[in-house]
Amino acid sequence: MTTAPLVIVARLAVPADRKYILASWAEAYKAAPKMRDMSWTLYKLHIVPTLQAVLDRPDTRLLVATTPSEPDIVGWLAYVRGKRVSTVHWVHTRYAVTKGGEKLRKRGVMSALIGAAELGPRWVYTHRGPYPRQREGKRETADAGLVRSLAKRGITAAFVPWKEWV
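Residues numbered from 1 in each chain as written. Predicted model: local features only at pLDDT ≥ 70, side-chain atom pairs only at ≥ 80, totals over all residues. Heavy atoms only, no water.

Trainee: Can you help me understand the pattern of salt bridges in this one?
Mentor: Any two side chains of opposite charge can pair, given that their charged atoms come close. Tallied over the entire structure, the rule returns four salt bridges. Between Asp17 and Arg11 there is a salt bridge, with the nearest N and O atoms lying 2.7 Å from each other. Classification of Asp17 as buried rests on a relative accessible area of 8%. Measuring nitrogen to oxygen at the nearest pair gives 2.9 Å for the salt bridge that ties Arg57 to Asp59. Accessibility expressed as a relative area gives 28% for Arg57, which makes it partly exposed. Residue Asp59 is classed as partly exposed on the basis of its relative accessible area, which comes to 27%. (Salt bridge = Lys/Arg side-chain N within 4 Å of Asp/Glu carboxyl O. Buried < 20%, exposed > 50% of the residue type's maximum accessible area, 1.4 Å probe, protein only.)

Trainee: Is there a simple way to think about helix H1 (residues 18-29) in this case?
Mentor: Residues three or four positions apart in an α-helix share a direction because the helix packs 3.6 residues into each turn. Here H1 is 12 residues long and its end C-alpha atoms lie 16 Å apart, about the 16 Å a rise of 1.5 Å per residue gives. All buried positions along H1 are accounted for by Ile21, Leu22, Ser24, Trp25, Ala26 and Tyr29. Tucked inside the fold, the buried residues of H1 contact helix H2 (40-56), strand E2 (61-67), strand E3 (70-80) and strand E4 (86-93). (Helix = DSSP H or I, 4+ residues; strand = E, 2+ residues; numbered from the N terminus. Expected span 1.5 Å × (residues − 1). Contact = heavy atoms within 4.5 Å.)

Trainee: Which parts of the structure should I look at to understand the packing of aromatic side chains?
Mentor: Two numbers describe a pair of aromatic rings. These are the distance of the centres and the angle of the planes. One pass over the full model with this rule turns up six aromatic pairs. Where Tyr29 meets Trp90, the ring centres are 5.6 Å apart and the plane angle is 80°; that geometry is what we call edge-to-face. With a gap of 61 residues between them, Tyr29 in helix H1 and Trp90 in strand E4 connect regions that are remote in the sequence. Comparing Tyr29 with Trp90, the two get one shared label, buried. With 5.6 Å between their ring centres and 25° between their planes, Trp162 and Trp165 make a pair best called stacked. (Phe/Tyr/Trp six-rings, centres within 6.5 Å; stacked < 30°, edge-to-face > 60°.)

Trainee: Explain the sheet that holds E3 to me, please; I cannot follow it from the model alone.
Mentor: Strands belonging to one sheet form pairs held by backbone hydrogen bonds; the direction of such a pair is parallel or antiparallel. Taken in spatial order, the six strands line up as E1-E2-E3-E4-E5-E8 in an open sheet, and their pairing is mixed. The open sheet terminates on both sides in strands that have one partner only, identified here as strand E1 (9-12) and strand E8 (156-159). With strand direction ignored, the average angle separating the axes of adjacent strands in the sheet is 35°. Across three bridges, E4 lies against strand E5 (residues 122-125) in parallel orientation. Bridging across to E5, Ser86 finds its partner in Trp123. Relative to the sheet, helix H3 (residues 109-117) contacts E1, E2, E3, E4 and E5, its axis offset from that of E3 by approximately 50°. (Pairing = 2+ DSSP bridges. Axes fitted to C-alpha atoms, helices over the stretch in contact; angles between N-to-C directions.)

And the structure:
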């Protein structure tokens, strides 16, 4: 069953958006390689402040996505636009709209955010995604699948760990 694309409105994040942005990033990133085996106590003590520091950097831009019928955030993007190569720190699509429970993933939210950010054809990304699926019997992080999808659109993306990027 194919679900229709949504009409997405992308806007700059406002201070009231930051609580959801940090909470959703912290929750999703906890499932990433090297993070998932860490206790929540250590994760909140050592990793969440790093995510907050990324969001607080003066060069980090935050875009949020909403729909005309849903004022809640349906997705967001943390990025730095570069002269030659842009950086994506994290992109998030909410699983479902809170009111109707309608699924949001695979409906164009991420594509709309990427388009609105005008990142160009080359990026690096600084945080790996979780393991949502298996491909040909091998576990694959979400970002690996995304890199393949982006390549079909003429976009080259490569992982550069946050600690090396700064």
